[in-house]
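# Survey of secondary and tertiary structure
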Amino acid sequence: MSKIEEFAFKAPVSRSWFAKLGRFIYEHRGWTIAIWAILIGVSLIATPALESALKETGAVYEAGEAYQTEQFLQKELNVIPDALTLVFQRRSNSQINPIEVTSLLNQIRRLSAVRSVVENPQYRSGDGQTQYSMIQLQVKEREADRAIDRIEQILTQQSSSSFQTFLTGKPIVDRAVQQISKADLGRIELLILPLTLIALLIVFGSVVAAAMPVAMGVTTVSVTFGLLYLVTLNLSVSVFALNLTTMLGLGLGIDYSLLIVNRFREELQSNPVEQALIQTLETAGETVFFSGLTVCIGLVCLMLFPILLLQSLGIAGAIVVLLSVMSALTLLPALLGFVGHRISARQSSQSRLAAHQIWATIGRIVTRHSLVATSIVLVIVTGLTSPFLAARFGLGNSDILPLSAPAREGIELLQRSFVPGETSPIFLAIRTQTPKDPILSDQHIATLYNLVTQLEKNPRIASITSLVNLNAQFTLENYQKLYRSPASISDPTIANTVKQLSSASTALILIKSHTVSNDAASRSLIKELRSLKMQGLQVRVGGQGAKELDVIEVVRQRLPIAFVALIAATFIMLYILLRSIVLPLKAIVMNLLSIGASFGALVFIFQQGHFQTWLNFTPVGYLDILLPIVLFCVLFGLSMDYEVFLLTRIKEAYDRCGDNSKSIIIGLENTGSIITSAAFLMIIVTSSFALTSLIFVKALGLGSAIAIVIDATLIRAILVPAMMQLMGRWNWWSPRIY
């Protein structure tokens, strides 16, 4: 062992909480392993039930105007915005056979779970190649799967030579997301585990040492799935929670175990097993504890956003991070207590010493040329971040599915055959000030007539369905006369339409735009509709586009709060650990740099469409606004992991020698290899999710991998030590408040 290593590794015996924990775990290692084994067994029993409990993506703001408007319309007019859509497309060299369509729809109508099947002449395209029907279910959300299975079975059994069918709509999209996500997770786990095991064998040179981090990762994910099932009994949880849980559970479980095992092997060189374990938890254990808390802080901040998807990921992420820390501080030490010296590789320490010398050399070069190194890295990171300035945000719907998914095919077929806004109509709910004021009075009919006449002139609107444009030959006076006695309307089509579009005090206007819901023209139209003022009437706007605007707006409102909370909590946590004002501030800035570079890469790839062939996706021209939020909160903690690994070692050295430059070199020498190895393993885990089929998960995995690459190379290996050298003794400045 070199003098610099001996200086860095030997620590005085302490009676810290972590040292006491190490002694307790060693003395009760059998019981510790037994308790974890029970937790794993119970969790494995609950996991199959969890998969069926996660139903939707959850990208909706339930307190928003649009969602509340749809709930009101469902109660007042029995309107189901998320009804199923059955699309018929004629086959080549044939016409859609109306008799076969009627027969098929009648079979669906007879299902007990089906409330109604709505047909309308407007649901047929001008060229006759496409038509659709709306299917409304009358079952609870958790029972909808069975009804959808039965409908799909009918569609399969009644295949036609004149048309093909596509069943779509939000429930079908959510179902497809769930099925694809489950299949992807199975494939990814089979890919990740062998790759990480091979990488760990290279790092440790020992089968026993390599197997432990993998075992910790699998344990963490398994127990988290069991706890998530308990959460679903009381709260709705997004299906994407499974993806984040697996990615973080495997990644952090392996990361923390790698750090613990590596430090344990070092301590074994000069201590018996029990003392080595105590020393490991006192040093690396404390680092893991604070690292886990910083990651957890970021994920908890997701719960500040009142959106199911973000709150679900916050809950699932916090659980898996806490379990990763708990397993690293209890289960892993218990196993190490049994394994003892067998954890070490049967090889000389020459390779380890060579790696330390390489990192020491890098540290000397960086500290010697700190100003040049800082300038170069900042230029590179700024260039990588620049595409983010052109970011355009939207909210993913069916376009998160692969092109081959029938649910997405059906929606895109409707958009091509009719208008892009056909699949996302705008619901304009107009109600009187009091229930006793009838919406069909002459005065209100005149107001509605003038409104619709004005809207029909709007170039952004493709079609309007309302009470006052049912017949092109009718004048305002005709409609006023018609609705003075609606019960006596003789035309059954008009009578049925009036029943569907009005109640005593409410009228519904359906608007279909020439653009999709994420388009700027659709959004401006919705904003204008929301600003409408009509005498004696209240106007509320619903629909997919309006719900997207509500989500975007609430994200923008809550983002500053979450950002400040995350920064403040992280700063306090790092101050407690490092006893410095400057280092936590610098660490936060370093994190923002690596995250910014990752965001720039996401815009370059997923918004602008670069590498779409290699990554097998179709760009949609925007970033899902929830993606940067999730990535920011996740990456802020993950990046801080490596910062904590490095700074705690530098602080150990500085507390002993008081030399800033020497401490930087020692810290980099003794953490360079482990941070690189941990980052490499985390990159294996996160980048594997870039191979999934759902674009949200693909972007989440790839964005994480890119941030970790930048963080572990440019930021931790160069920029952090270079800036610490420039700051000198100011790194360790702190007011005397403790």
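Residues numbered from 1 in each chain as written. Predicted model: local features only at pLDDT ≥ 70, side-chain atom pairs only at ≥ 80, totals over all residues. Heavy atoms only, no water.

Turning our attention to the pattern of salt bridges. Evaluation of the coordinates by the stated rule reveals 23 salt bridges. Three or more residues joined by partner-sharing salt bridges are found here, namely Arg263, Glu266, Glu267, Arg649, Glu652 and Arg656. (Salt bridge = Lys/Arg side-chain N within 4 Å of Asp/Glu carboxyl O.)

We now examine the pairing of strand β1 (residues 84–90). Across the seven residues of β1, five count as buried, placing the element largely inside the fold. Strand direction decides the pairing type here: β1 and strand β3 (residues 130–137), joined by six bridges, are antiparallel. Its bridge partner being in β3, Leu86 is matched across the sheet by Ser133. Pairing of β1 with strand β4 (residues 163–168) involves six bridges; the strand directions are antiparallel. Bridging across to β4, Gln89 finds its partner in Gln164. (Buried < 20%, exposed > 50% of the residue type's maximum accessible area, 1.4 Å probe, protein only. Helix = DSSP H or I, 4+ residues; strand = E, 2+ residues; numbered from the N terminus. Pairing = 2+ DSSP bridges.)

Turning to the nonpolar core, a few remarks are in order. In this structure, Ile135, Ile151, Phe240, Leu401 and Leu626 are the most contacted members of the largest nonpolar core, which totals 191 residues. Once residues within four sequence positions are removed from consideration, Ile151 is found in contact with Leu84, Ile108, Leu111, Val114, Ile135, Leu137 and Leu167. Core analysis: the second largest hydrophobic core is formed by 43 residues, Phe72, Ile439, Tyr483 and Leu508 among them. (Core = buried A, V, L, I, M, F, W, Y, C linked by side-chain atoms within 4.5 Å. Contact = heavy atoms within 4.5 Å.)

Under the counting rule described, the total for this entry stands at 18 aromatic pairs. Every member of this aromatic cluster is reached through a ring pair, and the members are Trp17, Phe18, Phe289 and Phe290. In this structure, Arg29 packs its charged tip against the face of Tyr26, placed 4.2 Å from the ring centre. Here the basic side chain of Arg29 rests over the ring of Phe338, its NZ or CZ set 5.0 Å away from the ring centre. (Phe/Tyr/Trp six-rings, centres within 6.5 Å; stacked < 30°, edge-to-face > 60°. Lys NZ or Arg CZ within 6 Å of the ring centre and 35° of its normal.)

As a further point, take a nonpolar patch on the surface. On the surface, Val372, Ile376, Ile380 and Leu384 cluster together into a nonpolar patch covering about 330 Å² of accessible area. Inspection of the secondary structure assignment puts Ile376 in helix α13 (residues 370–385). Residue Ile376 is classed as partly exposed on the basis of its relative accessible area, which comes to 48%. (Patch = residues over 30% accessible without salt bridge, like charges linked within 9 Å, V, L, I, M, F, W, Y side chains within 5 Å. Areas by Shrake-Rupley, 256 points an atom, 1.4 Å probe, with all protein chains shown as cover.)

Right, let's talk about the confidence of the model for the chain for a bit. Per-residue pLDDT for the chain has a mean of 89; in total, 96% of the residues score no lower than 70. Counted against residues more than four places away or in other chains, residues 1–14, with its pLDDT under 50, gives 38 contacts. (pLDDT = per-residue confidence, 0-100.)

What follows deals with the sheet that holds strand β2 (residues 114–118). Neighbouring strands of a sheet are bound in pairs by backbone hydrogen bonds; such pairs are parallel or else antiparallel. Taken in spatial order, the four strands line up as β2-β3-β1-β4 in an open sheet, and their pairing is antiparallel. Of all the strands in the sheet, just β2 and β4 have a single pairing partner and so form its edges. Going across the sheet, the axis of each strand differs from the next one's by a mean of 20°, ignoring polarity. Packing of helix α6 (residues 144–157) onto the sheet brings it into contact with β1, β2, β3 and β4, and relative to β4 it is tilted by some 175°. (Axes fitted to C-alpha atoms, helices over the stretch in contact; angles between N-to-C directions.)

Each pair of packed helices can be summarised by the angle the axes make with each other and by the distance between the axes. Running from N to C, helix α19 (residues 544–578) and helix α22 (residues 626–657) cross one another at 10°; their axes reach a closest spacing of 11 Å. As the angle between them shows, α19 and α22 are arranged roughly parallel. Only Leu626, Ile629, Phe632, Phe636, Met640, Val644, Leu647, Thr648 and Lys651 of α22 make contact with α19, whose side of the interface consists of Val551, Val555, Leu559, Phe563, Leu566, Ile567, Thr570, Leu574, Leu577 and Leu578. Along the lines of polarity and charge, the residues of the contact of α19 with α22 split into 16 nonpolar, two polar and one charged. (Parallel < 35°, antiparallel > 145°, perpendicular 65-115°, else oblique. Nonpolar A, V, L, I, M, F, W, Y, C, P; charged D, E, K, R; others polar.)

Quick look at the side chain of Thr287 now. By the element assignment, Thr287 lies in helix α10 (residues 273–301). Using a relative accessible area of 7% as the deciding quantity, one classes Thr287 as buried. Setting aside residues up to four positions removed in sequence, Thr287 forms contacts with Leu259, Val644, Phe645 and Thr648.

Taking 1.5 Å of rise per residue, 32 residues should cover 46 Å, and α22 covers 46 Å from first to last C-alpha, within 8% of that figure. Maximal helix bending in α22 amounts to about 25°, located at Leu635. Here α22 lies mainly inside the structure; 29 of its 32 residues are buried. Immediately beyond the C-terminal end of α22, within one or two residues, lies Gly658, with a positive phi of roughly 70°. (Expected span 1.5 Å × (residues − 1). Bend = angle between axes of the 7 residues up to and from the residue.)

Moving on, we get to the pairing of strand β8 (residues 506–513). For β8, the tally of buried residues reaches seven of eight residues, placing the bulk of the element in the interior. Where strand β6 (residues 426–432) meets β8, six bridges bridge the pair, whose relative direction is antiparallel. Paired with Phe427 across the bridge in β8 is Leu510. Pairing analysis gives four bridges linking strand β7 (residues 461–465) to β8, with the strands arranged antiparallel. When the bridges of β8 are listed, Ile464 appears paired with Ile511.

Quick look at the state of the cysteines now. Enumeration according to the criterion identifies zero disulfides in this entry. With no disulfide of its own, Cys296 lies closest to Cys301 among cysteine sulfurs, the gap being 9.8 Å. Lacking any disulfide linkage, Cys301 is separated from the closest cysteine sulfur, that of Cys633, by 5.8 Å. (Disulfide = S-S within 2.5 Å.)

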